[in-house]
Amino acid sequence: MGNSPSSRKISAQDKAILDMKNQRDKLHQYQRRITVLTDREKAIAKEMLAKGDKSKALLALRRKKYQESLLAKTDAQLEQLEKLTSSVEFALVQKDVVFGLQQGTNVLKEIHKEMGGLEHVEKLMGDTADAIAYQQEVSDMLGGRISNQDEDEVEDELEALEAEVTGVPLPEVPTMPEAPTTELLRKERAKARLREREEQTAMLA
C-alpha cells in the first residue's frame, strides 16, 4: 500500500519516456521524408535562378528553410525533454514534461502538413493559376513563421546558388583587422535586406 504513490510516479515517468520515444521515432521518419522535399526545393531554386526567376527561387529556399527549422526545433525540444524525464525529481517537472510533449505533438503536426508530397513542391515553379495561388498561399504562411535570422540565411543561400548557377563568384568581403567594423557591415547588410523585403511586401499589398 505504502508503495502506491511511488508506483504512480514511476508509471507517469515510464509513460513520458514512451511518448518521447514515439515522438522521436516519428521525427526520424519525417526527417527522411522531408529531406527528399528540401533537396528538390533547392534544385527548383537553382532551376528558377537559371531562368532568371529570382522570386520563385527565393520562395523555394524559404520553404526549405522553414521545414528544416521545424525539424531542428522538434529535435532540440525532445532532447531537453529527455533530460527532464530522466531526472530523479521527475515529480517536480512532470507538468513541464507533459506540456513539452504536447508542444512536440503540435510541431509534429505542422511538419506533417509540410509533407504534401513532391507534386506540391513542383507547384513552386509553376505558372498556372493554381500554382500561382499555391505560391501566394505558401508565401503568406511563411511570412509570420520565419525569423529575421532565417531570412538572412536564406538570402545568403540564394546568393551562393546564384553565383553557382551564373558562374560569377560572390564578391569577397575585405578582411578587416577590427571585428566591430565587420560586425557593422553585417548589420548594414541586414538592414538593406529588411528594407528590400518591406518594399516587396508593399508591392504585393
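What you are looking at is a predicted structure, and each value in this text was computed from that prediction instead of being measured.

## Things to note about the overall build of the protein chain
- Helix and strand counts for the protein chain come out as 7 helices and 0 strands.
- Counting helices and strands in the order they occur from the N terminus, the protein chain gives α-α-α-α-α-α-α.
- By residue count, 31% of the 205 residues in the protein chain fall in the buried class.
- Contacts in the protein chain between residues at least 24 apart in sequence constitute 78% of all its contacts with a sequence separation of at least 6.
- A total accessible area of about 13,000 Å² is found for the protein chain, and carbon and sulfur atoms account for 55% of it.

## Quick look at the pattern of salt bridges
- Scanning the entire structure with this criterion turns up 14 salt bridges.
- For Lys-21, the salt bridge goes to Asp-25, with nearest N and O atoms at 3.0 Å. Remark: Asp-25 and Lys-21 occur in helix 1 (residues 4–50); sequence separation between them is 4 residues, near one turn of the helix.
- Given a relative accessible area of 49%, Lys-21 falls into the partly exposed group.
- The shortest N-O distance in the salt bridge between Glu-157 and Lys-64 comes to 3.0 Å. Of the two residues, Glu-157 sits in helix 6 (residues 148–166) while Lys-64 sits in helix 2 (residues 54–85), which places them 93 residues apart along the sequence.
- Classification of Lys-64 by relative accessible area gives buried; the value is 8%.
- A single salt-bridge network, built from bridges that share partners, covers Arg-40, Glu-47 and Glu-122.

## Notes on the packing of aromatic side chains
- Evaluation of the coordinates by the stated rule reveals 0 aromatic pairs.
- A cation over an aromatic ring shows up here: Lys-123 above the ring of Tyr-134, its NZ or CZ 5.4 Å from the ring centre.

## Topic: the environment of Gly-52
- Here Gly-52 lies in the loop between helix 1 and helix 2.
- Sequence spacing of Gly-52 and Glu-162 is 110 residues, and the spatial spacing of their C-alpha atoms is 9.6 Å.

## What to know about helix 6
- An ideal rise of 1.5 Å per residue puts 27 Å on 19 residues; helix 6 measures up with 27 Å between its terminal C-alpha atoms.
- Among the residues of helix 6, Asp-150, Glu-151, Asp-152, Val-154, Glu-155, Leu-158, Leu-161 and Ala-163 are the ones counted as buried.
- With its phi angle positive at about 80°, Gly-167 sits one or two positions after the end of helix 6.

## Side note on the environment of Lys-26
- Along the chain, Lys-26 falls in helix 1.
- For Lys-26, a relative accessible area of 39% translates into the label partly exposed.

## Quick look at the side chain of Arg-63
- Positionally, Arg-63 belongs in helix 2.
- Under the relative-accessibility criterion, Arg-63 is labelled buried at 4%.
- Setting aside its immediate chain neighbours within four residues, Arg-63 contacts Glu-41, Glu-114, Leu-124, Tyr-134, Val-138 and Leu-142.

## With respect to the confidence of the model for the protein chain
- Summarising the model, the protein chain shows a mean pLDDT of 77, and 73% of its residues fall at 70 or more.
- Within the protein chain, the lowest mean pLDDT, 61, falls on helix 7 (residues 179–204), and the highest, 89, falls on helix 6.
- Confidence drops under pLDDT 50 across residues 1–9; counting only partners more than four residues distant or on other chains, this segment forms 2 contacts.

## Quick look at the environment of Ala-131
- Mapped onto the fold, Ala-131 is located in helix 5 (residues 129–143).
- Between the C-alpha atoms of Ala-131 and Val-121, which are 10 residues apart in sequence, the distance is 10.0 Å.
- With residues near it in sequence (within four places) discarded, Ala-131 still touches Lys-123 and Gly-126.

Conventions used here
Residues numbered from 1 in each chain as written. Predicted model: local features only at pLDDT ≥ 70, side-chain atom pairs only at ≥ 80, totals over all residues. Heavy atoms only, no water. Helix = DSSP H or I, 4+ residues; strand = E, 2+ residues; numbered from the N terminus. Buried < 20%, exposed > 50% of the residue type's maximum accessible area, 1.4 Å probe, protein only. Contact = heavy atoms within 4.5 Å. Areas by Shrake-Rupley, 256 points an atom, 1.4 Å probe, with all protein chains shown as cover. Salt bridge = Lys/Arg side-chain N within 4 Å of Asp/Glu carboxyl O. Phe/Tyr/Trp six-rings, centres within 6.5 Å; stacked < 30°, edge-to-face > 60°. Lys NZ or Arg CZ within 6 Å of the ring centre and 35° of its normal. Expected span 1.5 Å × (residues − 1). pLDDT = per-residue confidence, 0-100.

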